[in-house]
Amino acid sequence: MHRLEKLFLEHLAPTSPEPLGLTVSRARGAYIFDLKNKRYIDLIAGISVGVAGHSHPRILRALRKQMKRHLHVMVYGEFVQRPQVKLAERLLRYTEAPIDCVYFVNSGAEATELAMKLAKKATGRPHFVAFRGGYHGSTQGALSLMAEEKWRFPFSPLLPGIAYLPFNEIEALKTIDQSTAAVFVEVIQAETGASPARPEFLKALRDRCDATGALLVVDEIQTGLGRTGKFWSHSWYGLRPDIILSAKALGGGLPLGAVLASRHLFKILANHPPLGHITTFGGNPLSCAAALGMLEVLEKENLCAQAIEKEKIIRETLVHPQVAEVRGRGLLLALVLRQKGAAPRLARQCLEAGVMTDWFLFSEDALRIAPPLNIPEKVLQKALNILLKVIEKEAK
Ligand code: PLP
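Predicted model, so just to flag it, every value in this text is computed and none were measured.

1. Some remarks on the domain arrangement of the protein chain
Taken domain by domain, the protein chain consists of domain 1 (3-55 + 302-395) and domain 2 (58-300). Taking the mean C-alpha position of each, domain 1 and domain 2 sit 26 Å from one another. Contact with domain 1, which involves 31 residues of that partner, is made by 34 residues of domain 2. When the two sides are added together, the surface that domain 1 and domain 2 hide from each other amounts to roughly 2,600 Å², 65% of it contributed by carbon and sulfur. Taken as a group, R329, L332 and F362 account for 28% of the area that domain 1 buries against domain 2, more than any other trio of residues on that side. In this structure, the connection of domain 1 to domain 2 is made through one salt bridge. Where domain 1 packs against domain 2, one counts 15 residue pairs in polar contact (both at pLDDT 80 or more). Elements that contribute at least two residues to the side of domain 1 that touches domain 2 include exactly α2 (45-48), α11 (303-317), β13 (323-329) and β14 (332-337).

Shown next, in the form of structure tokens:
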């Protein structure tokens, strides 16, 4: 065992009994290299982070430029910092009314926390609604929105007053009422294995929020920024959120999250009391510079179109009697296996064979296929062939 691996096991707090444990020396494009310079094709992009691939030259250039100017200078919201302002202006080109304002934070979970606080203060209401199979982060507020008891119970008591409704069931939306501050939804639930909402369900959800005055919060933390083939996944449905949550891919490989809403709504955080949400590093200038680099790549390399093209290739290639279904949209896909619980075992075999894949938080029946959107077609094809070989070997 390499010394680094030994120190990792000794000194870093574990999050699972058996971490994947790949020791990374460097990463470029769609590849991760280990200490022996073995190359792995990355089919998960750091869990939906690297839409532009690892260490894209445009992102590195943007970082170098910003590093020469300044790093952290002040907590979020007090100083005018060029990368933050430019990023906000650029992101808002992709939103519609009423969303015209951005609050930058550090992570997805912090974006969820901020949206919960914002909704409570704006509406004066105590309750939230979330959907079974949804995931919005691991901090106490965000975890409170997670329906599955197994994950919530050991950390109870969490926040009270949250209703967990079945996803895609219109009838259940009656639970949303005048006491609901906000409803949190992923229009494609990532962690159940890329399960899309039905368009009729989302329409009924928007109508019910309008009828009751509940705010509709769309979590685009995993689905946003081109991953599903459109800048935001809710655009596939013509849905109009009140609040959008973003993170993961946003920082181009650096930590960054954002809550996007109307200026009118955000104003309440600045008064009675002021400083309704405080973050030291939210909107860090380096993260924002990297994000601007990432958006440049997204536009220049037409990453949305690339996601749609490559989804086709994946669907055409991954045909096998052991594959029940390829679910999801764009390059947020789940390869659903007929053999229950087989995904962790197959993912480890793929890793041996030089392909990095993974399963899902709520499903060990499916392999995650969410590579960088600009993965070259040849490289993708090679990874898919390896996947098929591993599945074939398992079937024998
Ligand atoms: N929301 C969704 C849909 C996610 O997939 C995640 C993370 O996987 C989060 C929120 C939380 O983001 P973070 O890990 O940055 O806190």
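2. Overview of the environment of E309
Here E309 is to be found in helix α11. A residue is classified by how much of its surface remains accessible, and E309, at 37% relative accessible area, is partly exposed. Separated by 22 residues in sequence, E309 and L331 have C-alpha atoms that sit 9.4 Å apart.

3. Details of the site of the ligand
In the neighbourhood of the ligand, the contacting residues comprise S107, G108, A109, Y135, H136, G137, E186, D219, I221, Q222 and K248. Here an oxygen atom of the ligand sits 2.6 Å away from a polar atom, N or O, in the side chain of Q222. Contact with the protein chains removes 82% of the 390 Å² of surface that the ligand exposes when unbound. Taken together, the residues that form the shell around the ligand break down as three nonpolar, five polar and three charged.

4. Examining the pattern of salt bridges
On inspection of all chains with the given rule, the structure shows 17 salt bridges. When the shortest N-O distance is used, the salt bridge between E10 and K6 registers 3.1 Å. Here K6 and E10 lie together in helix α1 (residues 3-11), a separation of four residues that amounts to about one turn. Notably, a salt bridge pairs E296 with R58, separated by 2.8 Å at the nearest N-O pair.

Criteria and thresholds
Residues numbered from 1 in each chain as written. Predicted model: local features only at pLDDT ≥ 70, side-chain atom pairs only at ≥ 80, totals over all residues. Heavy atoms only, no water. Domains from an automatic or database assignment. Contact = heavy atoms within 4.5 Å. Buried area = accessible area lost by both parts, 1.4 Å probe. Salt bridge = Lys/Arg side-chain N within 4 Å of Asp/Glu carboxyl O. Polar contact = N/O pair within 3.5 Å; in protein donor to acceptor, adjacent residues only side chain to side chain. Helix = DSSP H or I, 4+ residues; strand = E, 2+ residues; numbered from the N terminus. Buried < 20%, exposed > 50% of the residue type's maximum accessible area, 1.4 Å probe, protein only. Near = heavy atom within 4 Å. Areas by Shrake-Rupley, 256 points an atom, 1.4 Å probe, with all protein chains shown as cover. Nonpolar A, V, L, I, M, F, W, Y, C, P; charged D, E, K, R; others polar.

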